[in-house]
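Geometric and topological summary
Below, each chain spelled out in residue letters.
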Amino acid sequence: MDKETAWRALEQLADTERTHHLKDLLQDPDRFEQFSFRQDELLLDLSRQRLTPATLKALLQLAEGCQLGSWIEALFSGESINNTEQRPALHTALRQPAHNSFMLDGQDINQDVHRELERMEHLVSQLHQQQWRGFSGEPIDTLVNIGVGGSDLGPMMVCHGLEEFQPAAARAIKIHFISSMDGSQLSSLLQHLDPARTLFLVASKSFTTADTLANAATARDWLRQASDIPDPLLLKRHFIGITARPEKAQEWGLSADNLLHFWDWVGGRYSLWSTIGFAIAVRIGMDGFKALLDGASRMDNHFRHAPGSSNLPVLLALAEIWNINFLDIHAHAILPYDGRLAHLPAYLEQLEMESNGKSVDRDGQRVQHRTCPVLWGEIGPNAQHAFYQLLHQGSEAVMCDFIVAANRYGDAGESLQSQHRLTLANCLAQARVLALGDSALDQAASSAWQHYHGNQPSTLILLDKLTPGALGALIALYEHKVFVQSVIWNINPFDQWGVELGKQMANTLLPHIGARPQQGFDTATEGLLNELNQLTTG
Ligand code: F6P
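Residues numbered from 1 in each chain as written. Predicted model: local features only at pLDDT ≥ 70, side-chain atom pairs only at ≥ 80, totals over all residues.

Under an unreviewed UniProt entry, the name given to the protein chain is Glucose-6-phosphate isomerase, and the source organism is Marinobacterium stanieri. Its UniProt record gives the protein chain the following Catalytic activity (unreviewed entry) comment, quoted word for word: "alpha-D-glucose 6-phosphate = beta-D-fructose 6-phosphate". Here the protein chain is described in UniProt, under the heading Sequence similarities (unreviewed entry), as follows: "Belongs to the GPI family." (UniProt positions renumbered as here; feature names shortened; annotations may be inferred.)

Considering the site of the ligand
By nearness alone, 14 residues border the ligand, and Gly149, Gly150, Ser206, Thr209 and Gly268 come closest of all. Split into classes, the residues belonging to the shell around the ligand amount to two nonpolar, nine polar and three charged. (Near = placed C-beta within 6 Å. Nonpolar A, V, L, I, M, F, W, Y, C, P; charged D, E, K, R; others polar.)

Points about the domain arrangement of the protein chain
Under the domain assignment used here, the protein chain contains domain 1 (3–77 + 306–440 + 450–489), domain 2 (91–282) and domain 3 (500–537). Each of domain 1 and domain 2 has a C-alpha centre, and these two points are 33 Å apart. Taken residue by residue, the interface counts 16 residues in domain 1 and 15 residues in domain 2. Contributions of two or more residues to the side of domain 1 that touches domain 2 are made by helix H14 (344–356) and helix H18 (468–489). Ranked by the residues each element gives to the side of domain 1 that touches domain 2, the list is headed by H14, at seven residues. Its residues placed into classes, the side of domain 1 that touches domain 2 shows 10 nonpolar, three polar and three charged. (Domains from an automatic or database assignment. Contact = placed C-beta atoms within 7 Å. Helix = DSSP H or I, 4+ residues; strand = E, 2+ residues; numbered from the N terminus.)

Focus on helix H4 (residues 53–65)
A rise of 1.5 Å per residue sets the reference length of H4, with its 13 residues, at 18 Å; its end C-alpha atoms lie 18 Å apart and thus fit the reference within 8%. Buried residues of H4: Thr55, Leu56, Ala58, Leu59, Leu62 and Ala63, and no others. Along the axis of H4, the buried positions cluster into a sector of 165°, meaning they face one direction only. Exposed positions of H4 whose direction lies more than 90 degrees from the buried face are Pro53 and Ala54. Of the surrounding elements, those touching the buried residues of H4 are helix H1 (3–17), helix H5 (68–77), helix H13 (312–326) and H18. Positive phi shows up at Gln67, right after H4, with a value of about 55°. (Expected span 1.5 Å × (residues − 1). Buried ≥ 20, exposed ≤ 12 C-beta atoms within 10 Å, placed from the backbone. Arc of directions from axis to C-beta.)

Some words on the packing of H1 against H4
Where H1 meets H4, the closest approach of the two axes is 8 Å, and the angle between their N-to-C directions is 160°. Looking at the two axes, H1 sits roughly antiparallel to H4. For the element pair H1 and H4, the recorded crossing hand is left-handed. Contact residues: Lys3, Ala6, Trp7, Ala9, Leu10, Leu13 and Glu17 in H1; Ala54, Thr55, Ala58, Leu59, Gln61, Leu62 and Gly65 in H4. Taken together, the residues that form the contact of H1 with H4 break down as nine nonpolar, three polar and two charged. (Axes fitted to C-alpha atoms, helices over the stretch in contact; angles between N-to-C directions. Parallel < 35°, antiparallel > 145°, perpendicular 65-115°, else oblique. Left-handed = near helix turned anticlockwise from the far one by under 90°.)

As for unusual backbone geometry
The residue Gln86 is not glycine, and still its phi comes out positive at about 45°. Within the element layout of this structure, Gln86 appears in the loop between H5 and strand E3 (103–104). Notably, Gln130 is not glycine yet its phi reads approximately 60°, a positive angle.

Topic: the environment of Phe303
The topology assignment puts Phe303 in helix H12 (residues 278–305). Residue class for Phe303 comes out buried when judged on the 24 C-beta atoms lying within 10 Å of it. The sequence separation of Phe303 and Ser184 amounts to 119 residues, and the corresponding C-alpha distance is 42 Å. The contact partners of Phe303, leaving out residues within four places of it in the chain, are Ile72, Asn311, Pro313 and His480.

Following this line, the structure appears as structure tokens:
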């Protein structure tokens, strides 16, 4: 069936299915069996999505009509599917075992990947063994990752998520993440750090990002004030660069020995698997980092080879396509019931909205349908006390992702284990009430204000345990889901032209900040420039 026919069939289905309520769909005793799917340590429960077997079949036909199978092959085989930048998107090649080989333009990039991993391992072990010494000869005990977007959010999310997996040698090393352009994070952090024991990691694919270079320059000034050893030596002891543009990092002053590389064919928001994950490897050790890669690689194999009807990324993508394009649901909440995943919402905001927040298709035509919804989130139990009111009784239809681990705390005390059971109960309760509304309790609301309509669709992702492997698989699940959706919408998820104009405009405005009033901007900008001039110079 071609794409247009499949799309029309879904529109027709939506005409009738839009009125279905989840409380009726959930009457089916086989519902959970039919709509939950397992892959290794991960269960994808779509039984609270407003799907029927007929819808799912029609959605799979849509995927076929969009040649999803060929697109998946194109992704994995290194075709230039980032068509606006004429390059492949090969983050999956970052998590292949060392014995594989992957030829790209006559070069075995799997060898390149593993050579950089080995260099990274060497640096990580120097840090863990306290052999990396600062300007005074004392060992480094603090790592500050300076980066933004993909050079910050992924490593920060994973480091936070997997803290309990740190090997003993890693415990002596504190890790901080700095991204804010205005220097506020850095200025307050530096007050508590010892320059002699601090190593900065300048993480930037392009090595041109203003935010990162500004923070790196502030860090360099801070070190220069603390030590009068010659600059090249100071930078060599206290900076590592991670970049796809080593020449730029060297121009900035970094030593070639201290540079870890990755490649143009790794998108920034897909880069935590590369040397951009250095902070992760310091936190959980190289074995932990490899387990993370392995989890992602297992999800890659599943995505590449499993049929659509049992393929987790495909099914997750299609359930959301149904919501976005056929049920008019344009808001998406990410709700981890696990404090360790506090940074997952911010990470997914970039992954999803920078990838698919587009309205021009691969052929340069305006798309005729909705694409990426607005996505936001928070640790679920905290969000219960903040914005769940809107989820339960607001006027917006919102789809929700609940993410939770079945097992936690192992041999830790009973009170922590009971906190985990409390969290699980809350997670299940919220998913149930969002789906069923008042009928969850078999009692009618006693007033209009206490009425819960329900019928808010949700996905529940249950991990057996939050391990490096499970987290790797979870992130890869989301990466591939984003890819499947881009195929259905016929957009390129691997560029981000939308962020460029703002950067250019900031460069244009910079000389006018605090200077004499200038003409030539719009009236609002000129008005503010005038105000600023008075406030900063007056
Ligand atoms: O401005 C957007 C962006 O280019 C993201 O795509 C990227 O993750 C981030 O900035 C940081 O870029 P870089 O790693 O090149 O500093």
